Amino acid sequence: MSPIRLGTRGSALALAQSRGVADALTAATGHPVELVHIVTAGDKSSAPVAQLGVGVFVSALRDALLAGEIDFAVHSYKDLPTAQQPGLHIAAVPERADPRDALIARDRLTLTELPPGAVVGTGAVRRIAQLHALGLELSVTPIRGNIDSRIARVLGPQADLDAVVLARAGVARIGRTADITETLDPMLMLPAPAQGALAVECRAGDADLIELLAALDHAPSRAAVVAERAMLATLEAGCSAPVAAHAEVAEGEQGDEIYLRGAVISPDGARAVRLSRTGTPADAAEIGKALAADLLDNGADTLMGSTA
């Protein structure tokens, strides 16, 4: 049985995610998986993510897929553009990891314990906007780099930041949860759409592989992500816009229900529109679109500015 080729970036996080999916696929189906390293434009650049644009970490993987150099790829779902890529198919959304954001701070401080003027680093406009909105008088600065290098700027010998905010799922996937000072309540810091979720993608015409990869799909996670990303797409906002969303699937009186919260925050944190919608998982996409329409009716488009 020849191994299935899984394309992956070379970062510690990408490798951890890809190995986890490879091991799960082999365990579920018995098929061996071979990792193939692909370098993306995002790996080559030190520019802020907001300048690089949506999809910068996935385009090279998708090119390799379409060229037949690899058989499938694993993406951090929040990095994917919302538009469907012709010729490709999301064959599975594995069970989602914790979607919340995490604080890593000097001296084990929590967010509210950081003194006024404390310097907090993060790469996301969404997080910067929400940190400003909390009114804690923090100095927030945009940063780039992998998870280890970001943590080193707080805990390393040449630390120059008081804290960083990162996706908890990423920190967990590289085995550094012990460094987390505080996991941030979504009421304080609503996550990015699809944060913590993975997208397993292959060619749309590869029916046998699509069937094989379906063994990894987790229906509640897929429904939550579909709702969040439908909201994002309807707002016509990319992954660098100050848009946040979090959907949960839970048992209701009439069966499973999906509860979606969404927010658009002005980059300076001074204004925000926060709303929610509920419905059934089968209607996940429609719930996301409806919530986006509600947000726009309440002025969300005036808050996204040049980052949309």
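Please refer to the structure placed before this passage.
Within any chain, residue numbers begin from 1 and follow the written order of that chain's sequence. Residues qualify for local features only when their pLDDT is at least 70, as the model is predicted, and side-chain atom pairs are given and counted only at 80 or more; totals for whole chains, interfaces and linings, by contrast, use all residues. Processing note: side-chain calculations cover all non-hydrogen atoms of the structure and skip hydrogens and water entirely.

## Brief notes about the environment of Ala282
What counts, and what does not: Secondary structure is summarised from DSSP: a helix means a run of H or I of at least four residues, a strand means a run of E of at least two, and numbering begins at the N terminus for each. Buried residues are those whose accessible area, probed at 1.4 Å on protein chains only, stays under 20% of the maximum for their type, while exposed residues exceed 50% and partly exposed ones sit between those limits.
Among the secondary structure elements, Ala282 is positioned in the loop between β13 (272–279) and α10 (284–297). With a relative accessible area of 76%, Ala282 lands in the exposed category. As for Ala282 and Asp256, which are separated by 26 residues in sequence, their C-alpha atoms are 9.5 Å apart.

## A word on the nonpolar core
The cut-off we apply is this: Joining through side-chain atoms within 4.5 Å is the link that ties buried Ala, Val, Leu, Ile, Met, Phe, Trp, Tyr and Cys residues into a set, and such a set is a nonpolar core. Between two residues, a contact is recorded if the distance between any of their heavy atoms is within 4.5 Å.
Ranked by internal contacts, the top residues of the largest apolar core, which has 21 residues, are Met231, Leu235, Val243, Ile258, Leu260, Val264 and Leu295. For this core, the secondary-structure elements that each account for two or more residues are α9 (219–234), β11 (243–252), β12 (255–265), α10 and α11 (301–304). Ignoring any residue separated from it by four or fewer positions in sequence, one finds Leu295 in contact with Met231, Leu235, Gly262, Val264, Val273, Leu275 and Ala300. Ala91, Val200, Leu212 and Leu216 belong to the second-largest nonpolar core, a separate cluster that totals 16 residues.

## Focus: the packing of α9 against α10
Our working definition: Lines fitted to C-alpha atoms define the axes here, with helix axes fitted over just the stretch in contact, and angles between the N-to-C directions of these axes take values from 0 to 180 degrees. For any helix crossing, the convention is left-handed if the near helix is rotated counterclockwise from the far helix by under a right angle, and right-handed if that rotation is clockwise. Under the grouping applied here, Gly and all other residues not named as nonpolar or charged are polar, the nonpolar ones being Ala, Val, Leu, Ile, Met, Phe, Trp, Tyr, Cys and Pro and the charged ones Asp, Glu, Lys and Arg.
The N-to-C vectors of α9 and α10 enclose an angle of 35°; their axes lie 7 Å apart at closest approach. Relative to α10, α9 is oriented so that their crossing is right-handed. Of α10, the residues touching α9 (which contributes Ala223, Val226, Ala227, Ala230, Met231 and Thr234) are Ala284, Ala285, Gly288, Lys289, Leu291, Ala292, Leu295 and Leu296. A per-class count over the contact of α9 with α10 returns eleven nonpolar, two polar and one charged.

## What to know about the sheet that holds strand β10 (residues 198–203)
Spelled out, the test is: Strands are treated as partners if at least two bridges between them are detected by DSSP.
If you walk across this open sheet you meet the five strands as β2-β1-β3-β10-β4, and the pairing is mixed. Of all strands in the sheet, those bounded by a partner on one side alone are β2 (33–37) and β4 (88–92). Along the sheet, successive strands turn relative to each other by an average axial angle of 35°, direction set aside. The sheet contact formed by β4 and β10 spans four bridges and is antiparallel. Note that in β10 the partner of Ala92 across the bridge is Val200. The strands that helix α1 (residues 12–29) touches are β1 (4–8), β2, β3 (72–76) and β10; relative to β2, the one it contacts most, it runs at about 160°.

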